[in-house]
Amino acid sequence: MTAPAANAALARAARVLRRLGGMAATLLVTSFLVFSSLFLAPGDPASFLTKGRSPSPEQLAEIRRQYGFDEPFLVRYWNWLEGVLHGDFGRSYLFHQDVGSVIWSRLPSSLLLIGVSALMIAVFGIGSGIVGALRRGSRTDRSLMLLVTVGAAAPAFVAALLLRSVLGVRLGWFPTIGNGAGVLDRLHHVILPAAALSVTFTALVTRVTRSAMLDELRREHVEVALSRGTPRWTVIRRHVLRNALGPIVTVSALLVSGMLVSTAIVETAFGMSGVGSLLVQCVDQLDFQVVQAIVLLVVAAFVIVNALVDLVQPLIDPRSAAAGSAR
């Protein structure tokens, strides 16, 4: 291996190690903040465990001792973190089961919802952005931008109510409540929630895609290629779309990784049994163990996706790698 190649390999390895170190530090700080939120939340978990009864001070003291509520804060945090690192998130106060089992039973529904939403975002968001950029200033472009503006301003619960009212209740095309049973029935049930969840994100991806495509269309090498008689679609595929993929993939991945939080609204609106509705239920019932686990998993997903996007970015757009080497 030549010296320049070796130096480049070492630079890439150092970059990966720095990114992994930063990701680990971020997750550690996040775990501390998530666990600390237990002491800022209103209510007493020990009182919740008594199920509305009026226990004596001795009984409350025994409950706090049994669940470790009487231990110092740092000791409780260390015990919780050690359990998390071994896959043990504690025991749910509400369901009387391991937190991991409670979340795992709800996770497939949420993942299906996010997966269908991500597919809608990729197809409609990126597709609309490309069409808008290629037909800039036309009636089609203006119509798309109007829809994008409305979609970006529409909260998920508003989209959920409109879709339920029109497509579910009035037209009867889709079911409006529940998860469904079986593959096809589940897909039928998830269409409306996924559409409601993806409206705002699709609008954002459309804007980013259109902007990135227009930036690349203005490049000198694109104009030179077109002036030489290279077919337009060949130029768009090889030079415009390929170079515009960097910001499109980055924004799309970060939006999808943050969807788990938005599922709380959509799953509640459509009566779905997923992680989002579980989060709402456990917040209402002061089941802090489950809330902490879900919040930590959401943050971990966001941090990990962010790190992966940062590492994959040079493969998508070599110009970013060259800029990083120059810096």
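Here, every reference points to the structure presented above.
This is a predicted model, so every value here is computed, not measured.

Here is what the cut-offs are and how they apply
- Positions within a chain are numbered from 1, following the residues in the order the chain's sequence is written.
- For this predicted model, a pLDDT threshold of at least 70 governs which residues receive local features, and a threshold of 80 or more governs which side-chain atom pairs are given and counted, while totals over whole chains, interfaces and linings are taken from all residues.
- The basis for the side-chain values is all heavy atoms of the structure; hydrogens and waters are excluded.
- In DSSP terms, a helix is any run of H or I states spanning at least four residues, a strand is any run of E spanning at least two, and both are numbered starting from the N terminus.
- To get an axis, a line is fitted to the C-alpha atoms, and for a helix only the part in contact is used. The angle between two axes follows their N-to-C directions and goes from 0 to 180 degrees.
- The sense of a crossing depends on the near helix, which, turned anticlockwise from the far helix by less than a right angle, makes the crossing left-handed and, turned clockwise, makes it right-handed.
- The contact definition used throughout considers only heavy atoms, calling two residues in contact when any of these lie within 4.5 Å.
- Amino acids are sorted into nonpolar (Ala, Val, Leu, Ile, Met, Phe, Trp, Tyr, Cys and Pro), charged (Asp, Glu, Lys and Arg) and polar (every other residue, Gly among them).
- In this analysis a 1.4 Å probe is tested at points of a 1 Å grid over the protein atoms alone, and where it fits but cannot get out there is a cavity; an open set with protein on both sides within 12 Å along at least five of seven lines is a pocket; lining residues have an atom within 4 Å of a point.
- Grid points are joined across faces, edges and corners, and a volume is the space filled by probe spheres set on the points.
- Only the six-membered ring of Trp is used, alongside the rings of Phe and Tyr, when aromatic pairs are assigned; centres must lie within 6.5 Å, and planes under 30 degrees apart are stacked while those over 60 apart are edge-to-face, with the rest tilted.
- In this scheme, the term charge over a ring applies when either NZ of a lysine or CZ of an arginine sits within 6 Å of the ring centre and within 35 degrees of the ring normal.

Undergrad: Honestly, the environment of A293 in this entry has me stumped. Any pointers?
TA: Its location among the elements puts A293 in helix α13 (residues 288–316). Sequence separation between A293 and G100 is 193 residues, and the spatial gap between their C-alpha atoms is 8.2 Å.

Undergrad: So what exactly am I meant to see when it comes to the packing of helix α7 (residues 156–170) against helix α8 (residues 183–217) here?
TA: When two helices pack together, you describe them by how their axes are tilted relative to each other and by the distance separating the axes. With their axes 8 Å apart at the nearest point, α7 and α8 run at an angle of 145° to one another. Crossing of α7 over α8 shows right-handed handedness. In contact with A156, A159, A160, L163, L167 and G168 of α7, α8 contributes L192, A195, A196 and V199. Taken together, the residues of the contact of α7 with α8 sort by class into 9 nonpolar, 1 polar and no charged.

Undergrad: Please explain empty space enclosed by the protein as it appears in this structure.
TA: Empty space among the atoms becomes apparent when a probe as large as a water molecule is rolled across them. As enumerated under the stated definition, the model contains 1 cavity of 30 Å³ or more in all. Its boundaries defined by the atoms lining it, the largest cavity holds a volume of some 40 Å³. The wall of the largest cavity is formed by S109, L112, N179, R186, H189, V190 and M272. Secondary-structure elements contributing two or more residues to the lining of the largest cavity are α5 (99–134) and α8. Residue contributions to the lining of the largest cavity peak at 3 residues, all from α8. Per-class residue counts for the lining of the largest cavity are 3 nonpolar, 3 polar and 1 charged.

Undergrad: Just to check I follow, could you spell out the layout of surface pockets for this structure?
TA: Computed from the structure, the largest pocket encloses a volume of approximately 620 Å³. Among the elements of the structure, α5, α6 (139–153), α7 and α8 are those that each provide at least two residues to the lining of the largest pocket.

Undergrad: Mind showing me how you'd approach the packing of aromatic side chains here?
TA: For any pair of aromatic rings, the description consists of the separation of the ring centres together with the inter-plane angle of the planes. Applying the stated criterion to the full structure yields 4 aromatic pairs. Ring centres of F32 and Y77 lie 5.3 Å apart, and the angle between their planes is 85°; this geometry places the pair in the edge-to-face category. Pair noted here: F32 is in helix α1 (residues 3–40) and Y77 is in helix α4 (residues 73–85), with a separation of 45 residues, a long-range link. The ring of F270 is capped by R164, whose NZ or CZ atom sits 5.9 Å from the centre of that ring.

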